[in-house]
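Residues per chain, in single letters:
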Amino acid sequence: MTANGWIQILVFLALILAVTKPLGVFMARVFNRERTFLDPVARPVERLLYRVTGVDENHEMRWTEYAVAMLMFSGVSMLLLYLIERVQQWLPWNPQKFGAVAQDLAFNTAASFTTNTNWQNYSGEAAMSYLTQMAGLAYHNFTSAAVGIALAIAFVRGIARREKETIGNFWVDMTRATLWLLVPMCIVYAMALVSQGVVQNLKPYDTVKLVEPQQVQKTGADGKPMVGQDGKPVMDTVTYQTIAQGPVASQEAIKMLGTNGGGFFAANSSHPFENPTPLSNYLQMLSIFVIPAGLTYTLGRMTGSPRHGWAVWAAMAFLFLAGVTTAYWAEARGNPLLKGADQQVSTLQPGGNMEGKEVRFGIADSALFATVTTDASCGAINSWHDSFTPLGGMVPLANIMLSETVFGGVGAGLYGILIYVVLAVFIAGLMVGRTPEYLGKKIEAYDVKMAMLVTLVFPLVILVLTAISSVQGFGTSSISNPGPHGLTQILYAFTSMAGNNGSAFGGLNGNTLWYNTSGAMTMLIGRFFMIIPMLAIAGNLAKKKYVPPSLGTFPVTTPLFSVLLVGVILIVGALTFFPALSLGPILEQLLMSVGKTF
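Residues numbered from 1 in each chain as written. Predicted model: local features only at pLDDT ≥ 70, side-chain atom pairs only at ≥ 80, totals over all residues. Heavy atoms only, no water.

### As for the overall build of the chain
Basically, it comes down to this: Secondary structure counts use DSSP, requiring at least four H or I residues in a row for a helix and at least two E residues in a row for a strand, with both numbered from the N terminus. Taken over C-alpha atoms, the radius of gyration is set against a globule rule of 2.2 Å times the number of residues to the power 0.38. Residue burial is assigned from relative accessible area. The probe radius is 1.4 Å, only protein chains are included, and a residue is buried under 20% of its type maximum, exposed over 50%, and partly exposed in between. Residues are treated as being in contact if the distance between any of their heavy atoms lies within 4.5 Å. Only the protein chains shown count as cover for residues, and the accessible areas themselves come from Shrake-Rupley with a 1.4 Å probe. Charge assignment in this entry is limited to Lys and Arg as positive and Asp and Glu as negative, and neither His nor the chain termini are counted. To locate a charge, take NZ of a lysine, CZ of an arginine, CG of an aspartate or CD of a glutamate.
The helix and strand tally for the chain stands at 19 helices and 4 strands. For 598 residues, the compact-globule estimate of 2.2 N^0.38 gives 25 Å, and the C-alpha radius of gyration of the chain, at 24 Å, lies within 12% of that figure. With the C-alpha coordinates aligned to their principal axes, the bounding extent of the chain is approximately 80 × 60 × 50 Å. Classification of the 598 residues of the chain by burial places 57% in the buried group. Taking the intrachain contacts of the chain between residues at least 6 apart in sequence as the baseline, contacts between residues at least 24 apart amount to 78%. Just so you have it, the chain exposes about 23900 Å², and 66% of that area is on carbon and sulfur atoms. Charge-centre separation for the chain: the mean point of 36 positive side chains lies 8 Å from the mean point of 32 negative side chains.

So, in structure tokens, the structure goes:
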């Protein structure tokens with residue numbers, strides 16, 4: 001570890017802290033329908049959209065109506081994306097003449113982008129046309145992010161309102177999230193990325209002749225490297241290279257700001273056309289956290305308790321620092337199995353475990369990026385998590401297992417941690433022997449049952465499908481490593497999909513009938529089966545009377561509350577997933593420490 005690396009990490013957190021309040025205030029004004037500097041442009045467009053679609057912007061919805069509207073919109077959008085993928089060979093803006101996407105892969109991709117997961121069992125530059133990328137995938141990047149923000153705001157209204165039956169209007173919340181927040185920020189951000197060298201065009205791919213022919217190992221139809229009868233790799237001589245390009249910057253902007261993560265290229269943010277410079281790399285990391293961080297202050301402002309918003313932010317920040325510190329330490333120590341390699345920091349090399357890392361970014365920025373993208377359920381990567389040391393690779397996995405509580409996805413992170421807030425105040429109430437209260441609302445059995453349903457659905461789908469995949473040939477045939485590392489590959493895949501993260505550990509061939517189908521169902525369950533109980537809590541809280549705080553009320557604005565919240569999150573995560581982690585990355589770390597491997 002170096003001073004430069006720590007400075008970058010601490011400056012990153014300081015910048016996120018600096019932007020939290022101003023962005024949080026702006027979002028509160030937007031969703032409270034107060035006037036903002038964007039109203040002269042956005043308000044006429046909003047009115048036009050309501051007029052065309054027949055939406056009554058003054059209509060308020062109960063939580064059930066809000067949920068139905070969200071599900072119907074998501075279902076229709078998913079079907080539309082599936083159809084675009086299946087007929088893209090007949091649609092315009094397909095200069096590479098890509099054919100239709102296979103049925104199971106199209107289903108997986110449609111579910112992936114609808115749920116803000118953006119899990120990719122394909123190489124974008126080798127499978128999707130420009131139209132599919134823009135009208136299909138990028139469209140869902142905007143709408144799935146807007147849906148997440150709308151749901152978070154609905155939950156906050158449920159907390160803030162008193163004796164009300166409604167929690168807002170889904171169509172209005174989603175429209176405002178798009179017009180006032182996502183679109184303006186993406187326009188500015190995309191231009192900043194273009195200034196750094198991110199590609200933005202509609203040109204066909206270029207084919208260029210290599211200065212020096214290269215020998216590469218052939219790949220079979222199953223996607224695995226080919227080996228001859230003599231056991232040696234089957235090599236092929238490559239003399240030409242195809243340079244993929246396209247509308248990258250516009251998709252990259254919403255990919256990060258919307259915590260989507262689906263890259264235009266298979267290499268994602270380690271590709272120089274997506275992430276060309278150290279500055280663009282830093283901007284991408286910052287853009288992943290800005291909206292989730294700002295929403296914590298929006299929570300405090302809309303509920304009339306800014307200190308509570310900061311208490312939630314502090315809990316998130318602590319978990320983030322714990323994760324990035326562990327990952328940075330583990331990767332900077334290097335790999336003890338490489339005894340003959342110089343892994344010390346020097347003027348000639350950065351030191352540590354550089355396998356799978358971009359030399360442009362090094363250990364610190366790779367560990368920081370991996371932590372940020374899995375804290376926020378973004379899924380973008382600038383290094384391969386599969387190549388991290390077992391302990392370093394466990395950090396991204398554990399981050400997702402915390403169920404979008406460390407800043408989390410846009411909107412999803414806020415309502416994810418609010419579920420744990422409900423559990424934390426319930427536990428605090430049990431400790432003092434009185435009915436738990438949260439910002440003037442009594443937390444009763446119904447609220448706790450719904451919160452527990454959310455926390456149980458998530459691990460259930462992950463652990464059941466991981467268990468099936470780890471003992472059946474259709475699951476184990478896709479892993480690239482045996483033993484605990486292979487188990488980690490499977491566990492990471494289902495955790496990433498259920499947590500709507502989308503990052504891949506690497507080494508797992510997910511483009512099979514089993515993983516495409518089971519993965520799609522995992523993503524849909526991980527998104528919508530957790531949203532419905534959350535909205536039920538919001539609707540129930542909105543109907544309750546306000547109870548003034550008393551001497552027995554546990555304050556949710558203090559450092560003690562932040563500590564309790566962190567404790568509840570860690571205990572629930574540890575008790576649920578520790579057995580699986582002990583058979584995967586923990587066992588692999590112990591074997592590595594004594595110089596053994598599978």
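### Quick word on the packing of aromatic side chains
Selection rule: In summary, the pairing rule links any two rings of Phe, Tyr or Trp, Trp by its six-membered ring, whose centres are within 6.5 Å, and it sorts them by plane angle into stacked for under 30 degrees, edge-to-face for over 60 and tilted for everything else.
With the rule as written, the count across this model stands at 24 aromatic pairs. Judged by centre distance (6.1 Å) and plane angle (80°), the ring pair of Phe 73 and Trp 171 falls under edge-to-face. With Phe 73 in helix H3 (residues 63-86) and Trp 171 in helix H7 (residues 170-196), this pair connects stretches of sequence that are 98 residues apart. When its relative accessible area of 15% is taken as the criterion, Phe 73 is described as buried. On the basis of an interplanar angle of 70° and a centroid distance of 5.6 Å, the ring pair of Phe 289 and Phe 320 is categorised as edge-to-face. On the criterion of sequence distance, the pair formed by Phe 289 in helix H9 (residues 278-302) and Phe 320 in helix H10 (residues 306-333) is long-range, its members being 31 residues apart.

### Some details on the packing of helix H14 (residues 445-471) against helix H17 (residues 513-542)
Applicable threshold: In this analysis, axes come from line fits to C-alpha atoms, helices being fitted only over the stretch in contact, and the angle between any two N-to-C directions falls in the range 0 to 180 degrees. Oblique is the label for any angle not under 35 degrees, not over 145, and not in the 65 to 115 range, which are roughly parallel, roughly antiparallel and roughly perpendicular in turn. Gly is put with the polar residues, along with every residue not named as nonpolar or charged; the nonpolar set is Ala, Val, Leu, Ile, Met, Phe, Trp, Tyr, Cys and Pro, and the charged set is Asp, Glu, Lys and Arg.
Where H14 contacts H17, the two axes come as close as 8 Å, and the packing angle between them is 175°. Considering the angle they form, H14 stands roughly antiparallel to H17. A breakdown of the residues in the contact of H14 with H17 according to their chemical character gives 20 nonpolar, 4 polar and 1 charged.

### A closer look at the environment of Phe 388
Looking at where Phe 388 falls in the secondary structure, it is placed in the loop between helix H11 (362-375) and helix H12 (390-401). The spacing of Phe 388 and Ile 427 is 39 residues in sequence and 37 Å in space, taken between C-alpha atoms. Contacts of Phe 388, omitting those with residues within four sequence positions, involve Glu 331, Asn 353, Lys 357, Ser 366, Ala 370, Ser 383 and Gly 393.

### Observations regarding a nonpolar patch on the surface
How we decide: Each patch is built from salt-bridge-free residues with over 30% relative accessible area, joining like charges within 9 Å and nonpolar side chains (Val, Leu, Ile, Met, Phe, Trp, Tyr) within 5 Å. One speaks of a salt bridge when a side-chain nitrogen belonging to Lys or Arg is within 4 Å of a carboxyl oxygen belonging to Asp or Glu.
There is a patch of nonpolar side chains on the surface, built from Val 183, Ile 187, Val 188 and Met 191 and spanning about 370 Å² of accessible area. If you trace the backbone, Ile 187 turns up in helix H7.

### A few points about the pattern of salt bridges
Inspection of the entire model under this criterion finds 15 salt bridges. Lys 255 is paired through a salt bridge with Glu 252; the nearest N and O atoms lie 3.1 Å apart. Linking Lys 255 with Glu 252, this pair stays in helix H8 (residues 248-257), spanning 3 residues, or about one helical turn. Judged by relative accessible area, which is 0%, Lys 255 ranks as buried. With relative accessibility at 1%, the residue Glu 252 sits in the buried group.

### Remarks on helix H16 (residues 483-498)
Keep this limit in mind: Expected span, for any helix, means 1.5 Å times one less than how many residues it has.
With 16 residues, H16 should cover 22 Å at 1.5 Å per step; its first-to-last C-alpha distance of 23 Å lies within 8% of that length. Counting buried positions along H16 gives 14 out of 16 residues, so the element sits mostly inside the fold. Backbone geometry just after H16 places Asn 500 at a positive phi near 55°.

### Re the side chain of Ser 144
To keep things clear, this is the line we draw: In protein, a polar contact requires one atom able to donate a hydrogen and another able to accept it; more generally it is a pair of N or O atoms within 3.5 Å, and residues adjacent in sequence count only if both atoms are side-chain atoms.
Residue placement: Ser 144 occurs in helix H6 (residues 130-160). Engagement of the side chain of Ser 144 in a polar contact is seen with the side chain of Asn 260, the distance being 3.3 Å. Those residues within four positions of Ser 144 in sequence are excluded, and the remaining contacts are Phe 113, Thr 114, Asn 116, Asn 260 and Arg 527.

### A closer look at the environment of Thr 495
Relative to the helices and strands, Thr 495 resides in helix H16. Separated by 34 residues in sequence, Thr 495 and Val 461 have C-alpha atoms that sit 8.8 Å apart. Beyond its immediate stretch of four places on either side in the chain, Thr 495 contacts Leu 397, Ile 400, Met 401, Phe 458 and Ile 462.

### A short note on the nonpolar core
Here is the rule: For our purposes a nonpolar core is just a set of buried Ala, Val, Leu, Ile, Met, Phe, Trp, Tyr and Cys residues, chained together by side-chain atoms within 4.5 Å.
Formed by 167 residues in total, the largest nonpolar core has its most connected members in Phe 12, Phe 155, Ile 291 and Phe 320. The residues contacting Phe 320, other than those within four sequence positions of it, are Phe 12, Leu 13, Phe 289, Leu 368, Thr 371, Val 372, Asp 375, Val 406 and Phe 407.

### Quick look at the packing of helix H1 (residues 3-31) against H7
What counts is decided by this rule: What makes a crossing left-handed is the near helix being turned counterclockwise from the far one by less than a right angle; a clockwise turn instead makes it right-handed.
Two elements in contact, H1 and H7, have axes whose closest approach is 10 Å; the angle formed by their N-to-C orientations is 135°. In terms of axis orientation, H1 runs oblique to H7. Viewed along their axes, H1 and H7 form a crossing whose handedness is right-handed. In this structure, H1 uses Leu 23, Phe 26, Met 27, Val 30 and Phe 31 to contact H7, whose residues at the interface are Asp 173, Arg 176, Ala 177, Trp 180 and Leu 181. Partitioned by chemical class, the residues of the contact of H1 with H7 number 8 nonpolar, no polar and 2 charged.

### Side note on unusual backbone geometry
One non-glycine residue, Lys 97, adopts positive backbone phi at about 60°. Non-glycine residue Asn 116 carries a positive phi angle of around 65°. Relative to the helices and strands, Asn 116 is located in the loop between helix H4 (103-114) and helix H5 (124-127). Take Asn 116: its relative accessible area is 3%, and that puts it in the buried class.

### Here we look at the environment of Thr 476
Checked against the element boundaries, Thr 476 lands in helix H15 (residues 473-476). With 19 residues separating them along the chain, Thr 476 and Val 457 place their C-alpha atoms 24 Å apart. Setting aside anything within four residues of it in sequence, one finds Thr 476 in contact with Ser 469, Ser 470 and Val 471.

### Some details on helix H2 (residues 39-53)
As a reminder, the rule being used: Note that the arc is defined by the directions from the helix axis to the C-beta atoms.
With 15 residues, H2 ought to run about 21 Å at 1.5 Å a step, and its terminal C-alpha atoms sit 20 Å apart, in line with that. When we look at burial in H2, the residues that qualify are Asp 39, Ala 42, Arg 43, Glu 46 and Tyr 50. Summarising the axial view, the buried residues of H2 lie within an arc of 100°, below the 170-degree limit, and thus occupy one face. Turned more than 90 degrees off the buried face of H2, the exposed positions are Pro 40, Val 41, Arg 51 and Val 52. Buried residues in H2 make contact with H7.

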